[in-house]
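# Observations on the model geometry
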Amino acid sequence: MSAKTPSKLEKIMAAGHLGVTSECGPPRGSDPEVIKEKAELLRGCVDAINVTDNQTSVVRTSSLATCIHLKMMGMEPVLQMVTRDRNRIALQSDILGAASFDIHNVLCLSGDHQSFGDHPQGQNVHDLDSMQLAWTVRKMRDEGRFLGGDEIKRPPQMFVGAAANPFADPFEIRVPRLAKKIEAGAEFIQTQCIYNIDKFEEWIRQARDRGLTEKCYIMAGVTPFKSAGMAKYMKNRVPGMDVPDEVVKRMSDTPKEKQAEEGLNICVETIQRLKELEGVSGFHIMAIEWEKKVPEIVERAGLLPRPEVE
Amino acid sequence: MIVADKKPVEEIIEYVKDCRKVLVLGCNECVTVCEAGGKKEAGMLASALRMYYANQGIEDAQVDERTLERQCDHEYLEEIRDIADQYDAIVSIACGVGVQFTAEKYHNTTVYPGVNTCFLGATEQRGLWTERCQACGQCILAYTGGICPVSRCAKRLFNGPCGGSSDGKCEINKELDCAWQLIIDRLKAIDRLDLYEKLFDIKDWSTDRAGGPRKVQREDVQI
């Protein structure tokens, strides 16, 4: 695969390097220093930073505004966009807005249902779904046209991503679903957090058999546990999450003061094992409110220094 | 059918507490089947209102009850032509269509809703009605195994399921079936999983609520 956009993330993976991304959740307020502090922790150890879009349906500073802050800091953002809150007019408008700041990566998502957030009485939009949003960005970029058909002056140049959850049900359609996302236009995939490595390997094997890993960069998602409590919470309370019993046990069997360290060990071991897996093109490290540990994870996993590309 | 649910009687009392002559108007169609606005419910609501007025010591209050074959049809609504203007208010316990059509027809009479109109649905069992259709105006059931993602998926995804589908259930409620799990099970049962592989086009929502108030006009059946 060769790079089609100015995205640094795309160029790195197109050159055959493992890509590394992390994420930055915008604050529940308007203080830009919060964003800058989080982003500085990630400087130099990741290729691009995902900015979440009102994650868990809780109101935060907008993803686009936060991406602009990162861009102005000389860092590369991945604009996350959910289809929950905006119709096709607003989505296309924000894509142009992002493109006007030369934001070169977008991740297309449907978004958590609003009943999980702080405004459960709100309406949801879902004019498009996540695949249709990916298709829309590709049409805007590749054909230089809006969904309505009119021409775009200076079309967006965006590397188009989508999420995949190899662990959600029903498992049998997980790979066909990935195929659909790629057909819709997804060029990179960031997966749900991986704890069940065997199941993930089976998913990748099936994706490889269908030739999907030749058409799309799969970035394996990882999240370090801070504690045994977090492992149990993720296992029992987070929809679509697959945390095997032995992983929870490993955390629970560790003395409390050593649990954070053990969580990082599991994360690093996961990356090291998956680095060798054919079809994995990179890693998406989601250290939730624990961004300061990302440099350590990246270093211990042998992913430093990050490659330079033109 | 159109499924409705009873409004709390306190809310209805708040509407009519200053009225002295009230007509409770039931409907023999959908709201009768879902036991929210038929003849039986008209009687119950009228009794409750009479009791309220009596308890308040309002002796001159009069509450009548009547149930029409349909409130969404001129023909049946004409049946109250001679009496409608005698009332301070009509409490219609038909669906929102009946309430509005009654109000349109009797322009000078106050009409209050006595039910909350909920959705287009089916009777799963006595006392349990569930949604099946959102009347989007462009039916896609041919491609989704006869199960509608617009009405049954919480995110109305056309290319589902989302990552929150777990053990066949929706992420928003463990008792709610994941529509896309149902669709996939059905497509498998009718040997049409090939339909799942097809990317669903972006929907034209102009036939939905988004396009403004809709009408169906059929010249072939017009007189």
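All figures in this text were calculated on a predicted structure; none of them were measured in a lab.

Let us now look at the overall build of chain B. Scanning chain B for helices and strands turns up eight helices and nine strands. By the compact-globule yardstick of 17 Å for 223 residues, chain B is too spread out, its C-alpha radius of gyration being 22 Å. In terms of overall dimensions, chain B has a C-alpha envelope of 70 × 45 × 25 Å along the principal axes. Residues classed as buried in chain B amount to 41% of the 223 residues present. In chain B, 60% of the contacts between residues at least 6 apart in sequence involve partners at least 24 apart. For chain B, the computed accessible surface area is about 12,200 Å², with 49% contributed by carbon and sulfur atoms. Across chain B, the mean location of the 28 positive side-chain charges is 3 Å away from that of the 36 negative side-chain charges.

Residues and elements named next belong to chain B. One open sheet accounts for four strands, arranged E3-E2-E4-E5; its pairing is parallel. Lying at the two open borders of the sheet, with one neighbouring strand each, are strand E3 (62-68) and strand E5 (110-113). Across the sheet, the mean angle from the axis of one strand to that of its neighbour is 25 degrees, orientation sign disregarded. Summarising the sheet, strand E2 (residues 21-27) and E3 pair through seven bridges and their orientation is parallel. Note on E3: the bridge partner recorded for Cys27 is Leu68. Those strands touched by helix H1 (residues 9-16) are E2, strand E4 (89-92) and E5, and its axis lies near 165 degrees from that of E5. Packing of helix H3 (residues 39-55) onto the sheet brings it into contact with E2, E3 and E4, and relative to E3 it is tilted by some 170 degrees.

Okay, the pattern of salt bridges next. The final tally for this structure, using the stated rule, is 47 salt bridges over all chains. In this structure, the salt-bridge partner of Asp47(A) is Arg306(A), at a minimum N-O distance of 2.8 Å. Of this pair, Asp47(A) sits in the loop between helix H2 (32-42) and strand E2 (48-51) while Arg306(A) sits in the segment after helix H11 (294-300), and the two are 259 residues apart along the sequence. Assessed through its relative accessible area of 11%, Arg306(A) is described here as buried. Among the ionic pairs, Asp220(B) bridges to Arg218(B), the shortest N-O distance being 2.8 Å. Judged by its relative accessible area of 59%, Asp220(B) is exposed. Taking relative accessible area as the criterion, Arg218(B) reaches 43% and is therefore assigned partly exposed.

Attention now goes to a nonpolar patch on the surface. Together, Phe116(A), Ile172(B) and Leu176(B) line one region of the surface with nonpolar side chains, adding up to about 220 Å² of accessible area. Of note, Phe116(A) is situated in the loop between strand E4 (105-109) and helix H5 (130-143). Phe116(A) sits in the partly exposed class, given a relative accessible area of 36%.

Cut-offs and rules
Residues numbered from 1 in each chain as written. Chains lettered and ligands numbered in written order. Predicted model: local features only at pLDDT ≥ 70, side-chain atom pairs only at ≥ 80, totals over all residues. Heavy atoms only, no water. Helix = DSSP H or I, 4+ residues; strand = E, 2+ residues; numbered from the N terminus. Rg over C-alpha atoms; globule rule 2.2 N^0.38 Å. Buried < 20%, exposed > 50% of the residue type's maximum accessible area, 1.4 Å probe, protein only. Contact = heavy atoms within 4.5 Å. Areas by Shrake-Rupley, 256 points an atom, 1.4 Å probe, with all protein chains shown as cover. Lys, Arg positive; Asp, Glu negative; His and termini not counted. Charge placed at Lys NZ, Arg CZ, Asp CG, Glu CD. Pairing = 2+ DSSP bridges. Axes fitted to C-alpha atoms, helices over the stretch in contact; angles between N-to-C directions. Salt bridge = Lys/Arg side-chain N within 4 Å of Asp/Glu carboxyl O. Patch = residues over 30% accessible without salt bridge, like charges linked within 9 Å, V, L, I, M, F, W, Y side chains within 5 Å.

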